[in-house]
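The primary structure of each chain is shown beneath.
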Protein chains: 2
Amino acid sequence: MKEFSIIDTFFKQQNHQRKDVLLGIGDDAALTVVPAGQALVTTTDTLLAGVHFLPDAEPSTIARKAVAVNLSDLAAMGAEPAWISLSISLPTADEAWLSAFATGLAEMTRFYSIQLIGGDTVQGPLAVTITAQGFVPPEQALLRSKAKPGDFIYVTGTLGDAGLGLDLLLNKVTVADPINAQYVLNRLHNPTPRLLVGTSLRRIANACIDLSDGLSSDIKHILQASNCGATINVDKLPLSKAMRESVEPQNAVKYALSAGDDYELLFTVSEEQKGKLETAMANTSVSFSCIGQLNGMSNKLEYRLNNQVIDYQATGYQHF
Amino acid sequence: MKEFSIIDTFFKQQNHQRKDVLLGIGDDAALTVVPAGQALVTTTDTLLAGVHFLPDAEPSTIARKAVAVNLSDLAAMGAEPAWISLSISLPTADEAWLSAFATGLAEMTRFYSIQLIGGDTVQGPLAVTITAQGFVPPEQALLRSKAKPGDFIYVTGTLGDAGLGLDLLLNKVTVADPINAQYVLNRLHNPTPRLLVGTSLRRIANACIDLSDGLSSDIKHILQASNCGATINVDKLPLSKAMRESVEPQNAVKYALSAGDDYELLFTVSEEQKGKLETAMANTSVSFSCIGQLNGMSNKLEYRLNNQVIDYQATGYQHF
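What you see is a predicted model; the values in this text were computed from it and never measured.

(A) Broad picture of the relation of the copies chain A and chain B. For the pair chain A and chain B, the superposition axis carries a translation of 0.0 Å, the fit reaches an RMSD of 0.0 Å, and the rotation angle comes to 180°. The symmetry that links the two subunits is that of a two-fold axis. Comparing contact sets, 100% of the residues at the interface of chain A also lie at the interface in chain B, consistent with an isologous, same-surface contact.

The following block contains the structure:
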């Protein structure tokens, strides 16, 4: 099977169509229109077999996750998503694999009203690179660098579930209740990009980042970019029912602080904006928790349990 | 070495800065501004060790080529380039390799006044994916689908050199003259994206494509998209001095028609626009040749030698 028929057969047919795409798949490049007054937001993430997913993972799951992690980056900017480009490296032109992958991709493009506008297929080790593009009014973008001492630190959803799911998949832990097992595996495979939260936080949050490598690692980017310190109250970390029922409290904290792949948003909000935040978040129906506060101590990250400082060494996932 | 220090150390420092980049490397996504009235042009290409370059290729050469092949796609749309995103998969965080790669990348970003706005680094088999973005006034974009029967077919530069260079590198051929050998290897390693030609062809060419897989394969995309046929005069194919001096004429034609990696532009121009074409191309100082003409015979590709139809089976590079 040739490259062109792969793209035509599997990707073009199920593609969601947007009006701002003048020219999609099938030319040397895509032509799209960014709305007046909006900045273009661009992000790229690669998922590699054996690193970001198991080599025998469901192709549709790989597709959904590859889209989700990129959309999560757009969400963290307060952007709305518009278009994605896909580069896929595959050992062989396996039609069943490609068909399942394309179905997963199409589910995502339809659900999020985004369009696949182009890409590349090469023969090689299984890897998926997606570039996602979206928009945000430039002055409303959520940056890592605009956090202020005194800001309260919030996260969406619950933390650590994907990490527990991965350990379950790798037989490093057992999860007694099958419903809980299903839940954490689903959190690993189908992260939810918090797009509506991201756009709702425009003009409310001072800073925002998505949690991909683990809270304890990712928050440092905000501290560094904004020259702040932070206190995290580990007893305030939001834990799912599945997490609480499956692992010891101390282990749950470890997952919540250090495990990757949550794709929840961490954001900071000044005291004055807390009222607006409540209203805005209520409209998203996404749970959120205040887990700590920023201070002026540059790059200092402190953990507290029941308001007592504790010694906790947590490192997120490192790529090398 | 951690992902963040890789990006900071090797890519951020040497980066060309553009005024239309509101936020570059270092946040969840980049923020850029597309000029009013321009369409955004986006393309993605992956280069894989062992497929698109030899595993021991010079890192700076890999970087330059990865940028060039993407810019070539923008050139084929008549677009001017603006920003690139990079995803790099590397077996180990080899500092010498990364430093050389970053230097090659920085040469390109400075030369073409483009900015690296983000990316991803993962540990895995050596592969480089670049997404390039640029602009073109939407009504002036050069498409594959706007060719007309009667259009003359042109190519820039000379054809087949990179293919000869690859065969030389693989010891499949010998090139007697070392200057010629150097020339064809350079054509393989440092393709020249025809950006100035691309923008000069706006409102002059009806259709355009860049030659990446080989003329005989790539022209079919224009024939299919525009529902045309074509006659190619193989005696009019532009051959370099190095090509003419190194291989038999029949072999030279084979390289020119079937070898990949030329990254020249193939474009079609109506009889009425030929005068404008001469003027526009003179300003680019890039050589160009009329190699045939389009006709109304859908998807029929015919080769002629001294105006006699010849039987020539040529296939470009296939990815699977």
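(B) Geometry of the packing of helix α4 (residues 161–169) of chain A against helix α5 (residues 178–189) of chain A. Residue and element names in this part refer to chain A. At a minimum axis separation of 7 Å, α4 and α5 run at an interaxial angle of 110°. Classed by the angle they form, the pair α4 and α5 counts as roughly perpendicular. Note on element contacts: α5 touches α4 through Ala 181, Tyr 183, Val 184, Leu 185, Arg 187, Leu 188 and His 189, opposite Asp 161, Ala 162, Leu 164, Gly 165, Leu 166, Leu 168 and Leu 169. Residues belonging to the contact of α4 with α5 are distributed by class as follows: 10 nonpolar, two polar and two charged.

(C) A look at the sheet that holds strand β11 (residues 288–295) of chain B. All names here are of chain B. What the seven strands build is an open sheet, ordered β8-β10-β7-β11-β9-β12-β13; its pairing is mixed. Pairing within the sheet leaves two strands with one partner each, and these edge strands are β8 (207–210) and β13 (308–310). On average, each strand axis in the sheet is inclined to that of its neighbour by 30°, with strand direction left out of account. Sheet analysis places strand β7 (residues 152–156) next to strand β10 (residues 265–269), joined by four bridges and oriented antiparallel. Bridged to Val 155 within β10 is Leu 266.

(D) Geometry of the UniProt feature "binding site: Mg(2+) 4" (unreviewed entry) in chain A. Those places that UniProt annotates as "binding site: Mg(2+) 4" (unreviewed entry) correspond, in this numbering, to Asp 28, Thr 43 and Asp 73 of chain A. Of the residues just listed, which span 46 residues, the most distant C-alpha pair is 26.5 Å apart, and they do not cluster in one region. Judged by its relative accessible area of 4%, Asp 28 of chain A is buried. Once residues within four sequence positions are removed from consideration, Asp 28 of chain A is found in contact with Thr 43, Asp 73, Ala 76, Met 77, Arg 144, Cys 208, Ile 209 and Asp 210 of chain B. Position of Thr 43 of chain A among the secondary structure elements: in strand β3 (residues 39–48). In this structure Thr 43 of chain A touches Asn 70, Asp 73, Leu 74, Ile 130, Thr 131 and Ala 132 of chain A together with Asp 28 and Ala 29 of chain B, once residues within four positions along its chain are discounted.

How each quantity is defined
- Residues numbered from 1 in each chain as written.
- Chains lettered and ligands numbered in written order.
- Predicted model: local features only at pLDDT ≥ 70, side-chain atom pairs only at ≥ 80, totals over all residues.
- Heavy atoms only, no water.
- Least-squares fit on C-alpha atoms with pLDDT ≥ 70 in both.
- Contact = heavy atoms within 4.5 Å.
- Axes fitted to C-alpha atoms, helices over the stretch in contact; angles between N-to-C directions.
- Helix = DSSP H or I, 4+ residues; strand = E, 2+ residues; numbered from the N terminus.
- Parallel < 35°, antiparallel > 145°, perpendicular 65-115°, else oblique.
- Nonpolar A, V, L, I, M, F, W, Y, C, P; charged D, E, K, R; others polar.
- Pairing = 2+ DSSP bridges.
- UniProt positions renumbered as here; feature names shortened; annotations may be inferred.
- Buried < 20%, exposed > 50% of the residue type's maximum accessible area, 1.4 Å probe, protein only.

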